[in-house]
Amino acid sequence: MMTREKLQSKLSERAEIAQTRLTSWAKQFAENPAYALSLSKDMFGLAANLAVATEILGMLRTYPEVTVELVLEQAHRNMLRGARDPSFSTSPTSNLMAHQTTAAWAALVEMLQD
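Residues numbered from 1 in each chain as written. Predicted model: local features only at pLDDT ≥ 70, side-chain atom pairs only at ≥ 80, totals over all residues. Heavy atoms only, no water.

(A) Structural view of the environment of A53. Of note, A53 is situated in helix α3 (residues 41–62). By relative accessible area, A53 is classed as buried at 1%. Along the backbone, A53 and E16 are 37 residues apart, and their C-alpha atoms lie at a distance of 9.7 Å. Excluding residues that lie within four positions of it along the chain, A53 makes contacts with L11 and A15. (Helix = DSSP H or I, 4+ residues; strand = E, 2+ residues; numbered from the N terminus. Buried < 20%, exposed > 50% of the residue type's maximum accessible area, 1.4 Å probe, protein only. Contact = heavy atoms within 4.5 Å.)

Okay, structure coming up:
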């Protein structure tokens, strides 16, 4: 199992990459909203990865007693909850965001189990 420090480093890197790409997309959106929206599907995944990384980094920074094992348990619960109770909103974008968030939790589980 990876160390807390390694997990923090990997999540910080993921968050930074996601934030950089989202910021770049936001500039494209400001210049040409219709074109930027046509390419926005990937942005949902980036936003979900950023949200998950930010949540876990906050936990690790705020609570020194949080272990990598506890993070894995939390990620696993969130992944299963998203798979068991998928979003069925009338909003397609809400459903896409929920799906991408579940995928982000699954990616974290996978990272922690390697």
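(B) Local environment of helix α1 (residues 4–31). Here α1 spans 40 Å end to end across 28 residues, near enough to the 40 Å set by a 1.5 Å rise per residue. Listed in full, the buried residues belonging to α1 are R4, L7, L11, A15, A18, L22 and W25. Where the residues of α1 are buried, they touch α2 (33–38), α3, α4 (68–84) and α5 (92–113). (Expected span 1.5 Å × (residues − 1).)

Honestly, that's just the spatial picture; any functional story needs more than this.
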